[in-house]
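This is what each chain is made of:
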Amino acid sequence: MTLVAGVDSSTQSCKVVIRDAETGALVREGRAPHPGGTEVHPSHWWAALLQAISAAGGLDDVAAISVAGQQHGMVCLDESGNVVRDALLWNDTRSAQAALDLTAELGGPQAWADAVGSVPVASFTVTKLRWLAEHEPANARRTAAVCLPHDWLTWRLAGALASGPFDAAAWADAPTPPLDHLTTDRGDASGTGYWSPFTGAYRPDLLKAAFGTVPLLPRVLGPTDEVGAASGTGAGASPGSTGLPGGGLAAGFGGAAGFGGVAERVLIAPGTGDNMAAALGVGARPGDVVVSLGTSGTVFAVAETPSADPTGAVAGFADATGRFLPLVCTLNAARVMDAAARIAGVGLDELSDLALQAPPGADGLTLVPYLEGERTPNRPTATGSIHGLTLATSTRAHLARAAIEGMLCGLADALDALAMRPERVLLIGGAARSEAVRRIAPTIFGVPIMVPPPAEYVANGAAHQAATLVTTPDWHSEDTQTYEGEAAPEIRTRYTRATTHILD
Ligand SMILES: Nc1ncnc2c1ncn2[C@@H]1O[C@H](COP(=O)(O)OP(=O)(O)O)[C@@H](O)[C@H]1O
Ligand SMILES: O=C(CO)[C@@H](O)[C@H](O)COP(=O)(O)O
């Protein structure tokens, strides 16, 4: 049996799955938590990855690996490859003004949508770089290369694999490759704000306008390229860079160092952004819409052509297959339920039970879930609010229901923004494990919802990408469960009214 590993380095944790490359059967898995906060030193991701790989039984018998990661995070490296400052994550809103400034400077939202498929908001890397240039000029000057979380982990993994077989202690300080060995993929690159899904190339002019200089950028690999192989597409190589010198890292991988396991050489797939990997993992095809309820709430579709929404609601991303992934993202999803459970003093399962005890619409109790500000709609400084509080609605059950309905109303607006008539709506992510979420979602979305069995779909997608390096994977998706319910548009109407009465 040939094994492959898939990694999901997401906001809250790192998950590793080891699967049979041919069939996709799960062999073993592991996970480790990430620290909280919206700025994190990348070394925490590396430590969590090593811990999760250990928990998953190591990599000695693994033939290929792929890392998917939270999108947009700004990882700045100096000339020696050291991290310049803590990474600003996708949900850090300090660059909201920079986003407004950049939008105006280029000539408005349409100009950005036409240039890179998306209108920048605080999540996008390009706005974080502008913030750095303005607020931390010394750190900006030290920045020799900029990459994304999955790029950085892939680069570290390449260095560690070149140093010897998996050993968490030895790998903790494994040497890193030269900066010009950094790689990314088109899916994650499309969330930077300086890579165009229309041309498949970087827009160094936009980066220079935002940051003042053009640091080295990761080479953009094609969907089936191998990290370290000299024959990648190279499309969008960093300005001035001609690709990997001397055939890259391939010679240093794995077996040459005498791995004890079956695999002679661990291949590294390009990896991608977590949403692009989720699309792979769930087997999304054109006509499908995927709703993912993780730290972020995302609604996305696989598309044959790139999109350019000047309203900024839909980000015109690329996917991990050569197609496109129009996506709407909210800052507030699973953690709204975490917060409601904390207030109610219950666990997540009990919160689900409580929510199902309250009637649809929670007797008018409406929760606007902007607990971390909001990205869609673009309200970076907004706060959450509760409306319709009466003696009768002052119960834990009403609160639980209102929290879930409020979170889902934000996602229903996202679904509307995609402007599709989906053939299937698939619900995944941590909060999709909640029975209340599964049962309430069809009433809020107004369409039946298909829920695949709970699994780590981002890590699975990464594993599938890794499998394509060693075989032609024939992975069958497991049965989904369909949830239906009577549409309750009045809940969304009340929610929309409530969103006009929130504090910034
Ligand atoms: N049974 C459940 N009900 C509701 N939320 C859940 C449940 N299980 C996990 N979660 C939530 O899912 C979130 C993690 O989901 P995940 O998709 O792994 O997030 P991320 O990928 O952003 O790190 C956490 O906030 C966790 O509390
Ligand atoms: O910013 C986006 C998408 O544009 C987020 O979806 C991040 O990619 C974080 O994902 P999760 O950690 O919530 O999976």
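Residues numbered from 1 in each chain as written. Chains lettered and ligands numbered in written order. Predicted model: local features only at pLDDT ≥ 70, side-chain atom pairs only at ≥ 80, totals over all residues. Heavy atoms only, no water.

Focus on helix 9 (residues 204-211)
In an α-helix, one turn spans 3.6 residues; hence positions three or four apart end up facing the same way. Put simply, the test is: The cut-offs for exposure are 20% and 50% of the maximum accessible area for each residue type, with area from a 1.4 Å probe on protein chains only; residues under the lower value are buried, those over the upper are exposed, and the others partly exposed. A run of DSSP states H or I qualifies as a helix once it reaches four residues; a run of E qualifies as a strand once it reaches two. Both are numbered from the N-terminal end. What the arc covers is the set of directions going from the helix axis to the C-beta atoms. Any pair of residues with heavy atoms lying within 4.5 Å of one another is described as a contacting pair.
For helix 9, the complete set of buried residues consists of Leu 206, Leu 207, Ala 210 and Phe 211. An end-on view of helix 9 places all buried positions within 110° of arc, on one side of the element. For helix 9, the secondary structure elements touched by its buried residues are helix 2 (96-106), helix 3 (109-116), helix 4 (125-135) and helix 5 (137-142).

Description of the confidence of the model for the protein chain
Under the convention used in this document: Scored from 0 to 100, pLDDT records how confident the predictor is in each individual residue.
Per-residue confidence for the protein chain averages 93 on the pLDDT scale, and 93% of its residues sit at or above 70. Within the model, the stretch residues 230-263 combines pLDDT values under 50 with 72 contacts to residues more than four positions away or in other chains. Across the assembled chains, the prediction reports ipTM 0.99 with pTM 0.94.

Let's talk about the site of ligand 1
Rules: Here a residue is near a molecule or strand as soon as one of its heavy atoms is found within 4 Å of it. For the purposes of these results, a polar contact is taken to be a pair of N or O atoms within 3.5 Å, where, inside protein, one atom must be able to donate a hydrogen and its partner to accept one; residues adjacent in sequence count only when each atom of the pair is a side-chain atom. To measure how exposed things are, a 1.4 Å probe is used in the Shrake-Rupley method; for residues, cover is taken only from the protein chains shown. Amino acids are sorted into nonpolar (Ala, Val, Leu, Ile, Met, Phe, Trp, Tyr, Cys and Pro), charged (Asp, Glu, Lys and Arg) and polar (every other residue, Gly among them).
Around ligand 1, the structure places 17 residues, and the nearest of them are Gln 12, Lys 15, Thr 295, Asp 338 and Gly 430. Residue Gln 12 places a side-chain N or O atom 3.0 Å away from an oxygen atom belonging to ligand 1. Lys 15 places a side-chain nitrogen or oxygen 2.5 Å from an oxygen atom of ligand 1. Look at ligand 1: alone it shows 590 Å² of surface, and the protein chains cover 82% of it. Secondary-structure elements contributing two or more residues to the shell around ligand 1 are strand 2 (13-20), helix 11 (334-344) and helix 12 (348-357). Considering every element that reaches the shell around ligand 1, the biggest residue donor is helix 11, with three residues. Each residue belonging to the shell around ligand 1 can be placed in one class, and the counts come to four nonpolar, nine polar and four charged.

Thoughts on the nonpolar core
The condition that has to hold: Definition of nonpolar core: a set of buried residues of the types Ala, Val, Leu, Ile, Met, Phe, Trp, Tyr and Cys, connected through side-chain atoms within 4.5 Å.
Ranked by size, the top nonpolar core spans 96 residues in total, and within it Trp 46, Leu 59, Leu 77, Trp 152 and Trp 171 carry the most contacts. What Trp 171 contacts, discounting residues up to four positions off in sequence, is Trp 46, Leu 50, Leu 59, Arg 156, Leu 157, Ala 160, Leu 161, Ser 163, Gly 164, Pro 165 and Phe 166. The next biggest cluster of nonpolar side chains, apart from the first, holds 57 residues, and it includes Val 314, Val 368, Leu 418 and Ala 498.

Things to note about the packing of aromatic side chains
Formally: Here a Phe, Tyr or Trp ring, Trp counted by its six-membered ring, pairs with any other such ring whose centre lies within 6.5 Å, and the pair is stacked when the planes are under 30 degrees apart, edge-to-face when over 60, and tilted otherwise. Whether a charge sits over a ring depends on NZ of Lys or CZ of Arg being within 6 Å of the ring centre and within 35 degrees of the ring normal.
This structure, assessed with the given rule, holds five aromatic pairs. Taking 6.5 Å as the distance between ring centres and 10° as the angle between the ring planes, the aromatic pair formed by Trp 46 and Trp 171 counts as stacked. Placement of the pair is Trp 46 in helix 1 (residues 42-55) and Trp 171 in helix 7 (residues 168-172), with a sequence separation of 125 residues. According to the relative accessible area criterion, Trp 46 is buried, its value standing at 2%. Classification of Trp 171 by relative accessible area gives buried; the value is 0%. The rings of Trp 46, Phe 166 and Trp 171 are connected pair by pair, giving a single aromatic cluster. Residue placement shows Arg 186 over the ring face of Phe 324; its charged tip is 5.1 Å from the ring centre.

Digging into the pattern of salt bridges
As a reminder of what qualifies: Take a side-chain nitrogen of Lys or Arg and a carboxyl oxygen of Asp or Glu: if they are within 4 Å of each other, that pair is a salt bridge.
Per the counting criterion, the structure on display carries 22 salt bridges. In this structure, Arg 379 and Asp 504 form a salt bridge, with 2.6 Å as the shortest nitrogen-oxygen distance. With a gap of 125 residues between them, Arg 379 in the loop between strand 19 (366-368) and strand 20 (385-387) and Asp 504 in the segment after helix 16 (489-499) connect regions that are remote in the sequence. Overall, the relative accessible area of 24% leaves Arg 379 in the partly exposed class. Asp 504 gets classed as exposed once you look at its relative accessible area, which sits at 57%. A salt bridge links Asp 413 to Arg 492; the shortest N-O distance between them is 2.7 Å. Note that Asp 413 is positioned in helix 13 (residues 396-418) and Arg 492 in helix 16, a separation of 79 residues in sequence.

Here we look at helix 12
Those residues of helix 12 not exposed but buried are Leu 351, Ser 352, Leu 354 and Ala 355. One side of helix 12 carries all its buried residues, which in axial view fall inside an arc of 165°. Facing away from the buried side of helix 12, by more than 90 degrees, are the exposed residues Asp 349 and Gln 357. The inward-facing, buried residues of helix 12 contact helix 11, helix 13 and helix 14 (435-445).

So, the site of ligand 2
The immediate surroundings of ligand 2 are formed by 15 residues, with Thr 11, His 72, Asp 274, Ser 296 and Arg 375 found nearest. A distance of 2.7 Å separates an oxygen atom of ligand 2 from a polar atom in the side chain of His 72. At 2.7 Å from an oxygen atom of ligand 2 is found a side-chain nitrogen or oxygen belonging to Ser 296. In the complex, the protein chains occlude 95% of the 370 Å² of accessible area that ligand 2 would expose alone. Only helix 10 (274-281) and strand 18 (324-330) provide two or more residues apiece to the shell around ligand 2.

Some thoughts on the UniProt feature "site: Important for activity" (unreviewed entry) in the protein chain
Cut-off, in case you're wondering: UniProt positions are given in the numbering used here, feature names are shortened, and annotations may be inferred rather than shown by experiment.
Per the UniProt record, the feature "site: Important for activity" (unreviewed entry) sits at Asp 8. Mapped onto the secondary structure, Asp 8 falls in strand 1 (residues 3-9). Each residue touching Asp 8, except ones within four places of it in the same chain, is listed here: Ser 13, Cys 14, Lys 15, Ala 68, Asp 274, Val 458 and Ala 459. Within polar-contact distance, the side chain of Asp 8 engages the side chain of Ser 10 at 2.3 Å.

Focus on the pairing of strand 18
Taken residue by residue, a regular strand's side chains alternate between the two faces of the sheet. Put simply, the test is: Note on pairing: two strands pair once DSSP finds at least 2 bridges between them.
Taking burial as the measure, the seven residues of strand 18 include seven buried ones, the bulk of the element. The alternating pattern of strand 18 places Phe 324, Pro 326, Val 328 and Thr 330 on one face and Leu 325, Leu 327 and Cys 329 on the opposite face, and all of these are buried. Of the strand pairs in this sheet, strand 16 (residues 297-301) and strand 18 are connected by four bridges, and their pairing is antiparallel. Paired with Val 299 across the strands is Val 328, a residue of strand 18. Hairpin connection between strand 17 (residues 315-318) and strand 18: a loop of five residues separates the two successive antiparallel strands, and Gly 322 in this loop has a positive phi of roughly 110°.

Let's talk about the environment of Ile 53
When you line up the elements, Ile 53 lands in helix 1. The sequence separation of Ile 53 and Leu 88 amounts to 35 residues, and the corresponding C-alpha distance is 25 Å.

Topic: the UniProt feature "binding site: substrate" (unreviewed entry) in the protein chain
Sequence positions flagged by UniProt for "binding site: substrate" (unreviewed entry) are, in local numbering, Gln 71 and His 72. Take Gln 71: its relative accessible area is 4%, and that puts it in the buried class. In contact with Gln 71, not counting residues within four places along its chain, are Trp 90, Asp 188, Gly 191, Gly 273, Asp 274, Asn 275, Met 276, Phe 317 and Leu 327. Residue position: His 72 is located in the loop between strand 5 (62-69) and strand 6 (75-77). His 72 has contacts with Trp 90, Ser 123, Phe 124, Thr 125, Lys 128, Leu 148, Asp 188, Gly 191, Phe 317 and Arg 375, leaving out every residue within four places of it along the chain.

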